[in-house]
Amino acid sequence: MTDAPNDAFIKMQGVTKRYAGVTALDNVDFTIHPGEAVCLAGENGSGKSTLIKLLAGVEQLTSGEIHINGQHHTNLNPRISSAAGVMVIFQDFSLFPNLTVAENIAFSTQLSSHQRLFKRSKSRELAKAVLKRIGVDIPLNARVESLPVAHKQLVGICRALASNARLIIMDEPTTALTEREVRSLLEIIRRLKKDGVAVVFVSHKLAEVLEVSEKVFVLRNGKKVAEGPAAEFDAASLTRHMTGRDVPEVPPSSVDAQANTLMSVSKLSKEGAFDDANFELKAGEVLGITGLLGSGRTSLAKALFGLAKPDSGEIVLDGKTIPLGDPIAAANAGVGYVPEDRLTEGLFLTQSIVRNVAIGRLDAHQKSGFLNITSLVGEAGDWLKKLKVKAPDIEAPVKSLSGGNQQRVALARWLSRAPSVLILNGPSVGVDVGSKAEIHDIIRDLANSGIGVIVISDDLPELLATCQRILVMKEGAIVEEIEGASISEDELAHRLAS
Amino acid sequence: MSGLFPKGFFTRNETLVAIVIIGFCIIATLSDPLFFSVTTLSDLLRASIVLGILAVAAMLVLVSGGIDVSFTAIAVFAMYATTVLTLGLWPEMPWYFIFAISISIGALLGAINGIFIAGFGLPTLIVTLGTLSVFRGFLLTFVGSERISALPPAMRNFSRMMIARGTTESGDFYSLPWALAALLIVTVLTWFILQKTMLGRSIFAIGGSVESARRIGINVRATQFFIYVYVGALAGLAGIIHGSMGRMSDPFSLVGLELSVIAAVVLGGARLIGGYGTLTGTLLGVALIVLVQNSLIVIGIPSTWQSVTIGLLILIGTGLPAYEAKRAAAKAA
Amino acid sequence: MSNPSNSSKLANSPEFRLAIIAIAVFALMSFLAPERFLSPQNLTSMAFQFPEFAILALAVTITMMTGGIDLSVVGIANFTAVIAATILTQFSSPDMGVAAALLWLGFAVLISLAIGGFCGYVNGVLVAHLGLPPILATLGSGLVFTGFAVAMTGGSAVMGFPSVVAWIGNERLLGIPVPLIIFAVLAIGLHILLTRTAFGLKVTMYGANPLAALFAAIDINRMLLKVYIISGMFSSVAGLVIMSRANSAKADYGSSYLLLAVLIAVLGGINPYGGYGRVVGVVLAVLSMQFLSSGLNMLQVSNFARELIWGALLIFVMVINTTNWSALKSSKSGLAKSS
């Protein structure tokens, strides 16, 4: 390893990227040397995804320069980028569900070798060798669509390794892995580094990969806010740089012991998703449900709202049993659900802000078949004001709003229905730092007003800041129930992934 | 993949279609023993040639995640324009030149689809609906709208070129035209492209996930463009064979057949969402459609019910896997 | 990004562009063939001609609003018309009294509307409950409906109605052609349905993002069923108008209307990916098409050339709109995370 700047494998200078008026990256300098591991830290929306998309050639920069291996690239595209040895493992893995494991692993390698013929046996050999190199066993002929999430991620890693990668960028590499799997991943990375391969970890929780990294690089709101040797950072200081706050949020006040039970879930099971879930939710309580990706936390949340149909069990709300697997019945019974992926599941991006709220109350404002548009829009407007949505024009498409404001629109839709239980899946995913704290305030306010809130999240500080009780899920089972006030972030992280 | 049958063998479209075909043949033979003969087989094979080539083409489009309804218009355009051109320029032109012209015209028209789909990124159904009427309208307005039965001699002769013909001992007459070889060549060539070239694998990859394909550097536009040119070329070939074997160049023929072709492909297991489709399935689908078109009457269904039958086959062929997928998704949620 | 002012917003809307196109085509045709195009005969004959395919375009429109499509509209129109025609020829006769004939006509109309609604229901079940892609579902069902019509008639035309049947397609009410009145009622009805009812808003929102509609607890299956039922019933109305004007019913009438209906919907600014569309756009598109079609007729352009021009126009309009739609498409195709 050398620090001579000419030897840098990647050198980005003054890189700026704007999307339709929003500056995602603002004059950022970034260098990576061969064999170096760099933590690229930042909260969601800090610009780290944009940075890697620029490197991968998926997006084009607005201004600035990118040098790869000493060469200045003005028109980077995925082909050039991967030929230069830059491999990205995207968070969604970008695999081909209809193709086999072997082919998925070998595809980009064969593509970049410019051979016109496809040799199945060669792709199998290559895939086999790579799988062996990282010591995992996945059937080569299985179609990727049939694999569990963790295996899909491993296939993604193998694909990057199969090409002669000189830099591997891993977007949120550990979200789906258990501690044991993370450790074997780190082992693989140590070996790669010895071969001169550079690695960039992109994550909002980096404590686990800090030990193999040389350098840390922190982005916030599109700007570089900290950079330095990894040894100078720990989990706490990383969080501080990422959020820009020193003071931790106030933990929630404890639940009134006299409060009545709003929702009780008993023996809820769904094959392959979750098993024998039992818990109660009191009025005014914020209950956290956490677990790794694939632990069943989202399936359970969806089942509570009828979006997934459990095989057995019972959900009782206010003394009444809710029919399973029927979101309309659940919504009418008073359950609200704000999904994790706002852009594809939560909002109608091309539709107006006011419509996105009003869609929840159409039937209430309909009289003899016709909508009372004035009262519908009036009510939606009131909720937007109450939640302090900053929008110059409520008739503008909702996609013109920032992440934080979009999330408030999604919240407004459900709050206008006066739910008794509100399920929030990843309430602050993709929300900027300032809005995040405000959304946490809203969550606490909701609970104080007597609503039962369920927060599904793997953002541990968020859980600790909002929840009185946290359920930990592992392989579909609720394995632990923790009092929020009684545990530190590190301890919670350990229990989550052990 | 151990055991006598591969996993999921019995729920695959190919298997189901094969079972239906066998069932159809058994019922047909029971109600009319003459059905089970070399004559029937050679008739059905002849009827499969044009449909088969078009189906292979349509399958390729479905695998890539699109849908094409214009290939019949391309076929008839290529056939008729080639006939007119040949008669006007050099009536004695040898058959392979005639074929080459028709294939080239087809490829050219396919390229027009390709420009709008790959270049402008327009929805495939709407583009090909549009080009369907553009090609047909252009043909009938500017090239001609008269049936031509005085074909160039080479085309007439082509229809008489036989691999084998004769009469079996039991007195059944049969003939296998060389045109059948065209279907064989097309099938093998397409198999080679799909299974043995990176281009073919890229077609599957695009059908599986366009975004992923882009990210790993597959040239999506070039691949799509190739697909529509290749499909056009195959349509040109199918068209000229259709004209030669029917011994007439009819500018009003073929268009309308696209639904049956798509039915065949969908029955064979190709999915509209892209990424799935096999040649075996497609050819089995063609066999079933040809049976329905030619022998429905043998199993006691009047031929006026033909389009009801094909429509139902499309619905069942797409409905079963779609419903299966919906249930699987509900289970996985 | 600066906020576009209201006037530039209007100028950018597809409806405004269409109004210009409609006026331009009208002006062009008036210029090229002033005596004939602007003659009262031509103007009224246009008003009798376009409603049949314009109603089919409305049927396609509502399904396209959901991001689907209905390729079975012509099949349903002919199938229901053949049923109505069969009823009329079986139970009534040309020399029957007006009152009795009207009664049978009313009965035939009701039955054909009901069957049209049922055909739409079948499409709805295929799309909503069984999860078939709308293209293939309606392609297949369209073949089935056409096939039923063929099987019922053996492929020949059904004719010999009482004279009242011809009223639907050829009479005037207060000087206005009846088909035009029918079209106007349906167009206004659809406009109100889409903009002033919960159902209409759900249709638009579902078209904009089906997944978000699911998460917003919209009763998607019921909504889709209604959409396809409406489409089916509109198609059967079109079938009745065609039957009345042709004074017969046949399995393969109006086979070029499918393309025309899709073309008009797309030309009218309906987003084929769903989520945007206004009835006024469709009406303007209908007018442009009719002016064009009729003008070309005056200029002695053949039917085939008209098909050529329609197809080219369809693609041209798509290319013009491509920037808007490709932006919508990319925002919708974002990969959903699973866990």
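Everything below is about the structure shown above.
Note that the coordinates shown come from a computational prediction; the quantities given were computed from them, not determined experimentally. (Residues numbered from 1 in each chain as written. Chains lettered and ligands numbered in written order. Predicted model: local features only at pLDDT ≥ 70, side-chain atom pairs only at ≥ 80, totals over all residues.)

Thoughts on the overall build of chain B
Applicable threshold: Strands here are runs of E lasting at least two residues and helices are runs of H or I lasting at least four, both read from the DSSP assignment and numbered beginning at the N terminus. Atoms counted for the radius of gyration: C-alpha only. Globule rule: 2.2 Å times residue count to the power 0.38. Exposure classification rests on a simple neighbour count of other C-beta atoms within 10 Å of a residue's own: a residue reaching 20 or more is buried, one at 12 or fewer is exposed, and one in between is partly exposed. C-beta atoms are placed from the backbone. Residues are scored as being in contact if the C-beta atoms we place from backbone atoms lie within 7 Å.
Each helix and strand in chain B was counted, giving 13 helices and two strands. Relative to the globule expectation of 20 Å for 333 residues, the C-alpha radius of gyration of chain B, 20 Å, shows essentially globular dimensions. C-alpha atoms of chain B, sized along the principal axes, occupy 65 × 55 × 35 Å. A buried classification covers 51% of the 333 residues belonging to chain B. The contacts in chain B between residues at least 6 apart in sequence include a share of 77% that link residues at least 24 apart.

Description of helix H13 (residues 403-415) of chain A
Residues and elements named next belong to chain A. Going by this rule: Given the number of residues in a helix, its expected span is that number minus one, multiplied by 1.5 Å.
Along its 13 residues, H13 runs 18 Å from first to last C-alpha, staying within 8% of the 18 Å computed at 1.5 Å per residue. Across the 13 residues of H13, twelve count as buried, placing the element largely inside the fold. Gly 404, Asn 405, Gln 406, Gln 407, Arg 408, Val 409, Ala 410, Leu 411, Ala 412, Arg 413, Trp 414 and Leu 415 are the residues of H13 that are buried.

Brief notes about the pairing of strand S2 (residues 173-177) of chain B
Residue and element names in this part refer to chain B. Our working rule: Note: two strands are recorded as paired if DSSP finds a minimum of 2 bridges between them.
Bridge analysis of strand S1 (residues 162-167) against S2 gives five bridges, and the strand direction is antiparallel. Residue pairing in the sheet places Met 162 in a bridge with Pro 177 of S2. Where S1 folds back onto S2 in an antiparallel hairpin, the turn is made up of five residues, including Gly 171, whose phi is positive at roughly 95°.

Some details on the sheet that holds strand S5 (residues 71-73) of chain A
Residues and elements named next belong to chain A. Counted only if it meets this: Only the stretch in contact is used when fitting a helix axis, every axis being a line fitted to C-alpha atoms; angles between N-to-C directions are given from 0 to 180 degrees.
With antiparallel pairing, four strands are arranged side by side in an open sheet as S2-S1-S4-S5. This sheet does not close on itself; its edge strands, each paired only once, are strand S2 (22-32) and S5. Going from strand to strand, the sheet's axes swing by 30° on average, the running direction of each strand aside. When strand S1 (residues 10-19) meets strand S4 (residues 63-68), the two strands line up antiparallel, connected through five bridges. Bridged to Lys 11 within S4 is His 67. The sheet strands contacting helix H1 (residues 48-56) are S1, S2 and S4, and the helix crosses S2 at an angle near 65°.

Details of the interface of chain A and chain B
Put simply, the rule is: Residues were grouped as follows: Ala, Val, Leu, Ile, Met, Phe, Trp, Tyr, Cys and Pro as nonpolar; Asp, Glu, Lys and Arg as charged; and all remaining residues, including Gly, as polar.
Facing the 26 residues of chain A at the interface are 22 residues of chain B. For the side of chain A that touches chain B, the secondary structure elements donating two or more residues are helix H2 (78-83), helix H3 (101-112) and helix H8 (297-304) of chain A. Here the side of chain A that touches chain B takes five residues from H3(A), the largest share from any one element. For the side of chain A that touches chain B, the class distribution of residues is 13 nonpolar, eight polar and five charged.

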